[in-house]
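Listed here are the chains, written in short residue letters.
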Amino acid sequence: MDRDDTEVKYVKSMLINKFKKHIVVPHSHSIGSLILDLIKRERQHETTDYSGLISPTIQFYIVFGMSDFDELRVQLKTEFSSDEIVSSLKGKIQGNLGLYIKLFEGKFLQETDTFYKELSIEYLHKHSISEYLAMVKKKLKEEQDRCIRYMVPHTIYPLNVTFNKVLIGEHIDILREGIDKVIVNGDYDDLIHIYNLCNDISAVKDKLGAVFRNNIVTYGMKFINNCY
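Residues numbered from 1 in each chain as written. Predicted model: local features only at pLDDT ≥ 70, side-chain atom pairs only at ≥ 80, totals over all residues. Heavy atoms only, no water.

1. Focus: the overall build of the protein
Rule in force here: Strands here mean DSSP runs of E at least two residues long; helices mean DSSP runs of H or I at least four residues long; both are numbered from the N terminus. Exposed residues in this analysis have more than 50% of their type's maximum accessible area, buried residues have under 20%, and partly exposed residues fall in between, with area computed by a 1.4 Å probe over protein chains only. Throughout, a residue-residue contact means that at least one pair of heavy atoms, one from each residue, lies within 4.5 Å. All accessible areas in this document rest on Shrake-Rupley with a 1.4 Å probe, and a residue is counted as covered only by the protein chains that are shown.
Scanning the protein from terminus to terminus reveals 11 helices and zero strands. Starting at the N terminus and walking to the C terminus, you meet the elements of the protein as α-α-α-α-α-α-α-α-α-α-α. Out of the 228 residues belonging to the protein, those deemed buried represent 39%. If you take every contact in the protein between residues at least 6 apart in sequence, the share linking residues at least 24 apart comes to 75%. As displayed, the protein has an accessible area near 13,500 Å², and 58% of this comes from carbon and sulfur atoms.

If you want it as structure tokens, here you go:
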């Protein structure tokens, strides 16, 4: 790649940054709200396929966030060759998700929190603990699949934390009431599932561990007393 090619790339990037500054950022709220609404409809299993709108728009954030060549203008005046310049910036370009995180990811996680708060409260009032856990497992897979289809790996971890906090962490007291029944019935898969979902929420995991220990002691003492 010669210097002319590098300068063309810089001019192209400069134009993209202008577009980002005057079009993308000022209208980011409207764009983001539209995409979040489409994701909500998808979560509600509407029959219309919105993937053709959701995926390109989210990638739009990523592409525009990865077009920052501000350092290139400075380095063009140095003694480095063009190939060295591009190579030195490659990692920065590929890793720059700032626009995506700022304009989309945070709002997506907030909407995820709100959506599942409402769903979890309603579902717990109408279903058993086992049915609730089955729903959580199903929804978690849907969210992870959606994240893989539309977003970037960076979002997986905060999505899991948000999901587990809302559906397990915020209902741990209600779930604790059902743990006795789960233990008595020997539904160990449910116990394992609850515990695994709490891996990223240390306070809840500690609380749940205490519940398990108390139940072991309680049923252990009952077993011992029944032996006499």
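2. Points about the confidence of the model for the protein
Condition: Confidence of the predictor at the level of single residues is captured by pLDDT, which takes values from 0 to 100.
The pLDDT averaged across the protein works out to 76; a share of 76% of its residues lies at or above 70. Element-level mean pLDDT values for the protein span from 39 in helix α4 (residues 70-75) up to 92 in helix α6 (residues 98-126). Scored below 50 in pLDDT, residues 66-95 shows 41 contacts in the model against residues more than four places distant or in partner chains.

3. As for the pattern of salt bridges
The criterion, for reference: A side-chain nitrogen of Lys or Arg and a carboxyl oxygen of Asp or Glu constitute a salt bridge if their distance falls within 4 Å.
This model, assessed by the stated rule, comprises 11 salt bridges. E143 is the salt-bridge partner of R146, the closest N and O atoms lying 2.8 Å from each other. Of this pair, R146 and E143 both sit in helix α7 (residues 129-150), three residues apart, which is roughly one turn of that helix. A single burial state applies to R146 and to E143, both of which are buried. When salt bridges that share partners are traced, they join E42, R43, E143, R146 and R149 into one network.

4. With respect to unusual backbone geometry
With phi around 60 degrees, H45 is a residue other than glycine that occupies positive phi space. Mapped onto the elements, H45 comes out in the loop between α2 (28-43) and α3 (51-65).

5. Some thoughts on the environment of S51
Note the following rule: Polar contact is defined as a pair of N or O atoms within 3.5 Å, subject to the rule that within protein one atom must be able to donate a hydrogen and the other to accept it, and that residues adjacent in sequence are counted only when both atoms are side-chain atoms.
Within the fold, S51 resides in helix α3. Residues S51 and L38, spaced 13 residues apart in sequence, show a C-alpha to C-alpha distance of 8.8 Å. Each residue touching S51, except ones within four places of it in the same chain, is listed here: P56 and Y150. A polar contact is formed between the side chain of S51 and the side chain of D49, at a distance of 2.8 Å.

6. Brief notes about the side chain of E105
Rules: Counted as positive: Lys and Arg. Counted as negative: Asp and Glu. His and the chain ends are not counted at all.
Note that E105 resides in helix α6. Buried and unpaired, E105 has R43 as its nearest opposite-charge partner, separated by 12 Å.

7. Focus on the packing of aromatic side chains
Short version of the rule: Here a pair means two rings of Phe, Tyr or Trp (six-membered ring of Trp) with centres within 6.5 Å. Their orientation is stacked below 30 degrees between planes, edge-to-face above 60, and tilted elsewhere.
Going through the model one piece at a time under the given rule, you end up with five aromatic pairs. Between the aromatic rings of F104 and F108, the centroid separation amounts to 5.6 Å while the plane-to-plane angle is 15 degrees, which identifies the pairing as stacked. A residue pair is termed a helical-turn pair when its members lie 3 or 4 positions apart in one helix, as F104 and F108 do in helix α6 at four residues. In this structure, F104 and F108 share a single accessibility class: buried. The interplanar angle of 70 degrees and the centroid separation of 5.1 Å between the aromatic rings of Y116 and F163 together place this pair among those described as edge-to-face. With Y116 in helix α6 and F163 in helix α8 (residues 156-167), this pair connects stretches of sequence that are 47 residues apart. Using a relative accessible area of 1% as the deciding quantity, one classes Y116 as buried. Judged by its relative accessible area of 1%, F163 falls in the buried class.

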